[in-house]
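Examining the three-dimensional arrangement
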Amino acid sequence: MIQCWRLDDARQTLVLGVRDGHLAQAIYWGPRLPDGENLETLFAAQEIDVTGGMLDVTPALSICPEARRTFSGQAGMELRDDTGRPVLPVFRFESAAPRPDALTLTFRDDGNGLTYRAHAAIDPQTHVITLWAGLEGAQPFSVNWLAAPVLPAPQLSDEMIDFAGRWCGEFQINRTPWSAGMRVRDNHTGRSGHEHFPGLIIPCRGATNTKGEAYGFHYGWSGGHKMVAEELPDGRRQIQFGNATGIEPEARTAFETAPLYVTYSDTGLNGCGVAFQTHVRDRVITWPDPDRARPVHYNCWEAIYFDHSLPELKEIATRAADLGAERFVLDDGWFGVRDDDTTSLADWVVDPRKYPDGLTPLIRHVRSLGMSFGIWFEPEMINPDSDVYRAHPDWALGDADQVLGRQQMVLDMARPEVRDYLFGCIGKILADHDIEYIKWDHNRVLPAADAGQTRGTYALLDRLRVAYPHVEIESCASGGGRIDFGILQRTQRVWLSDSNDALERLKIQHNAALFLPVCVTGSHVGPRVCHTSGRVLDIRFRAWVAAQRHMGFEMDPRELSAEEADVLRRVTAWWKANRNWMLRGDILRLDAADPAVLAEQHMYEDRFVVFAGKAGTSTQISPRPLRLTGLLPDAMYRIDLANRDEIARAALSRGPSALKSGAMEVSGRYLMHHGVTLPWSFPETMWVIEGQKL
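We now turn to the structure provided with this report. Everything numeric here is computed off the predicted structure, so don't read it as measured data.

Our focus in this paragraph is the overall build of the chain. Looking only at helices and strands, the chain has 14 helices and 35 strands in total. Against the compact-globule benchmark of 26 Å for 694 residues, the chain has a radius of gyration of 27 Å, which places it among compact chains. Dimensions of the chain along its principal axes, counting C-alpha atoms only, are 80 × 70 × 40 Å. In the chain, which comprises 694 residues, the share counted as buried stands at 60%. Contacts spanning at least 24 positions in sequence make up 70% of the contacts within the chain whose residues lie at least 6 apart. Carbon and sulfur atoms form 51% of the exposed surface of the chain, whose accessible area is close to 25700 Å². Within the chain, the 92 negative side-chain charges are centred at a point lying 4 Å from the centre of the 73 positive side-chain charges.

It is worth spelling out the environment of Pro 679 at this point. Mapping Pro 679 onto the fold places it in the loop between helix 14 (668-673) and strand 35 (685-693). Between the C-alpha atoms of Pro 679 and Pro 623, which are 56 residues apart in sequence, the distance is 7.0 Å. Residues in contact with Pro 679, not counting those within four places in the same chain, are Pro 623, Leu 641, Ser 653, Ser 657, Lys 660 and Trp 687.

Another point: the pattern of salt bridges. Should the charged atoms of two oppositely charged side chains come close, the side chains can pair. Applying the stated rule across the entire model yields 56 salt bridges. For Arg 353, the salt bridge goes to Asp 339, with nearest N and O atoms at 3.0 Å. With Arg 353 in the loop between strand 21 (327-330) and helix 5 (360-368) and Asp 339 in the loop between strand 21 and helix 5, the pair connects residues that are 14 residues apart, well separated along the chain.

If you trace the backbone, Pro 288 turns up in the loop between helix 2 (268-284) and strand 20 (297-299). When the C-alpha positions of Pro 288 and Trp 376 are compared, they lie 19 Å apart, and in sequence the two are 88 residues distant. With residues up to four places along the chain from it excluded, the contact list for Pro 288 reads Pro 469, His 470, Val 471, Glu 472 and Gln 492.

Applying the stated criterion across every chain yields a total of 36 aromatic pairs. On the numbers, 6.0 Å between centres and 90° between planes, the contact of Trp 221 with Tyr 458 is edge-to-face. Note that Trp 221 is positioned in the loop between strand 15 (214-219) and strand 16 (225-231) and Tyr 458 in helix 8 (residues 451-467), a separation of 237 residues in sequence. The same class applies to Trp 221 as to Tyr 458, namely buried. An aromatic cluster is defined as three or more aromatic residues linked by ring pairs; in this entry it consists of Phe 163, Phe 171, Phe 197, Tyr 261, Phe 276, Phe 485 and Phe 515. Here the guanidinium or amino end of Lys 226 rests over the ring plane of Trp 145, the centre of that ring lying 4.8 Å away.

What follows is about the sheet that holds strand 1 (residues 2-8). With respect to topology, 3 strands assemble into an open sheet ordered 1-2-3, the strand pairing being antiparallel. Two strands in the sheet have a free side with no partner beyond their single neighbour: strand 1 and strand 3 (25-31). Put simply, the sheet's adjacent strands are angled 15° from each other on average, direction ignored. Alignment of strand 2 (residues 12-19) against strand 3, held across 6 bridges, turns out to be antiparallel. In the strand pairing of strand 3, Leu 14 is matched with Trp 29.

Our next topic: the packing of helix 4 (residues 310-323) against helix 5. Relative to each other, helix 4 and helix 5 sit at 15°, their axes nearing to 10 Å. Relative to helix 5, the element helix 4 lies roughly parallel. At the point where helix 4 passes helix 5, the crossing takes the right-handed sense. Where helix 4 approaches helix 5, its residues Leu 310, Leu 313, Lys 314, Ala 317 and Thr 318 are matched on the opposing element by Pro 361, Leu 362, His 365 and Val 366.

With that settled, the discussion passes to helix 11 (residues 539-546). The element helix 11 is extensively covered by neighbouring structure, given that 8 of its 8 residues are classed as buried. Its buried side turned inward, helix 11 meets helix 10 (502-512), strand 28 (521-525), strand 29 (550-553), helix 12 (562-582), strand 32 (607-614) and strand 35. Capping the start of helix 11 is the job of one residue whose side-chain oxygen sits 2.8 Å from the backbone nitrogen of Arg 540: Asp 538.

Evaluated as defined, the whole model comprises 0 disulfides. In this model Cys 519 remains outside any disulfide bridge; the closest cysteine sulfur is found in Cys 476, 18 Å from its own. We classify Cys 519 as buried; its relative accessible area is 3%. Cys 168 provides the cysteine sulfur closest to Cys 530, a residue in no disulfide bond, and the two sulfurs are 7.3 Å apart. Looking at Cys 530, the relative accessible area reads 7%, which means it is buried.

Calculation criteria
Residues numbered from 1 in each chain as written. Predicted model: local features only at pLDDT ≥ 70, side-chain atom pairs only at ≥ 80, totals over all residues. Heavy atoms only, no water. Helix = DSSP H or I, 4+ residues; strand = E, 2+ residues; numbered from the N terminus. Rg over C-alpha atoms; globule rule 2.2 N^0.38 Å. Buried < 20%, exposed > 50% of the residue type's maximum accessible area, 1.4 Å probe, protein only. Contact = heavy atoms within 4.5 Å. Areas by Shrake-Rupley, 256 points an atom, 1.4 Å probe, with all protein chains shown as cover. Lys, Arg positive; Asp, Glu negative; His and termini not counted. Charge placed at Lys NZ, Arg CZ, Asp CG, Glu CD. Salt bridge = Lys/Arg side-chain N within 4 Å of Asp/Glu carboxyl O. Phe/Tyr/Trp six-rings, centres within 6.5 Å; stacked < 30°, edge-to-face > 60°. Lys NZ or Arg CZ within 6 Å of the ring centre and 35° of its normal. Pairing = 2+ DSSP bridges. Axes fitted to C-alpha atoms, helices over the stretch in contact; angles between N-to-C directions. Parallel < 35°, antiparallel > 145°, perpendicular 65-115°, else oblique. Left-handed = near helix turned anticlockwise from the far one by under 90°. Polar contact = N/O pair within 3.5 Å; in protein donor to acceptor, adjacent residues only side chain to side chain. Disulfide = S-S within 2.5 Å.

Limitation: the analysis is restricted to geometry and does not speak to function.
Structure below.
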């Protein structure tokens, strides 16, 4: 007997089917099927043949592959009972609960007293399918591995794209060819990590940013994930995501995966990226005030570090406001006796040496300039040299002689008393001051990964959000060390990287756009001499790279020349004039013919802006045309250079390029087939092209 269910939106269909009461299989996932398609026929049609060297019946690649059914690949769960004996379930279908755009399937293993539930929901507007699994037992059991519902990978794919990285070098793309066997990521840092962003893109053969088929995956969990991309000997392929192995040390009677977000695209990698961007912006994030414009940030970290002086901070704030900043963020160094990174984490009391009258004089000055005020915390951390550690050494996670990271240990967030203490400290600062923003940092990996740590952090964030609903929170973890849809359910911004080097940022932002929208991605104009790379970059390039995302500044504004300050004011004013539509728009990565160019097209309804960044020296002399995407072929568009004033700096540009002299009107077909011919430029510069449908 076969039973099937389907979930559809305008561009994709997912079909799940059960045969003879066994676990469900994803028998189809791809372009939307006709409404009248016979799903039982599809179930039979997708089954593979049997030949020599194979079992008489091919074990199912189900939504939770079962080792007990002779499945030779990665099983969907690894369990032990309270004696440590492996548990190998065999599940039988119990019930289906279909709802509009959603489905829950329940299966039972009566012999082991286990109930498995798989949940699936499709969002017709964002084109994202959300999958998660739960497992319950009559008696406590231990989980080493539990996958979210497992999906097949496409056969007409030669490679997979996942993401590695490091501090100041996040979102580095890996392209790994498919081959027999597994590609496994098992992240035990205790956070989503610079090294292991929990995302995967599987392009089908011939796919680019703008065309072809691709499948996207993101696991929304902040405590470290495991990913399995496996090709079986018979050629079938499976994708598994779940929490990292072995991070549930305690036996319980119920476990649940985090959500796995997936999407199918027939418009290249951009289709996946736009789906994830839209889902984050419109479904995952909850905004304290959705109608409030996203303010231009000023963060003081790279201006003063730990050297806090009220007169200097007031001067810096005055200059930042003059440049166009609308939010001032006081970074590390305002609490305890925090003169360097060796002391005072967890002592969340204003330092009376630096602020004898408290933070109020600085906040009043900032507010008088028309800016709101934000503040830095690192709640999950503790220094051994702190009053809290001396009083409660047992609050620290791990052994007393562990290797420190940035001179600090980690608080045990699974302990209710630790969360209560932090809620009280943070709450008092928020209640006593006019603060609307927290930069929430996390500057070291855990001594040992533990899911309870992540759940505890989520609980504290959720409690603070309820108590202080007007406060926005930024997720920072030495830059991009904790970026995922799980943390974004509780925050409104991510600090993508500690690198304010615009050249590095150009690349990091470009790759992160496969998952993250403009509105949550912080990007700041850094110092003339970058503090993390030593590179010296022109203010125009630094400003335009920051203007690609949620814009801010993070330098000492007193270092700016009059010309640099004028440039920054003008770019900031441009960003403010365009932010309302840009922050609602899609980021489309362009397929540049010149490998030295990294280009994006930000698009909302009938208008767009193209950022064409020159990351290196071209091999050819003249710029190659840059093809645009997503336009109406027969419509006419007016395009113009937003930064034509910068042509004079391209001293070797002396030809008659049309955009150098003014706007032009061309068809969408021309822009998508031939492309925009840009003026010549030096490396480490940016052309900004505005477009409007006529």
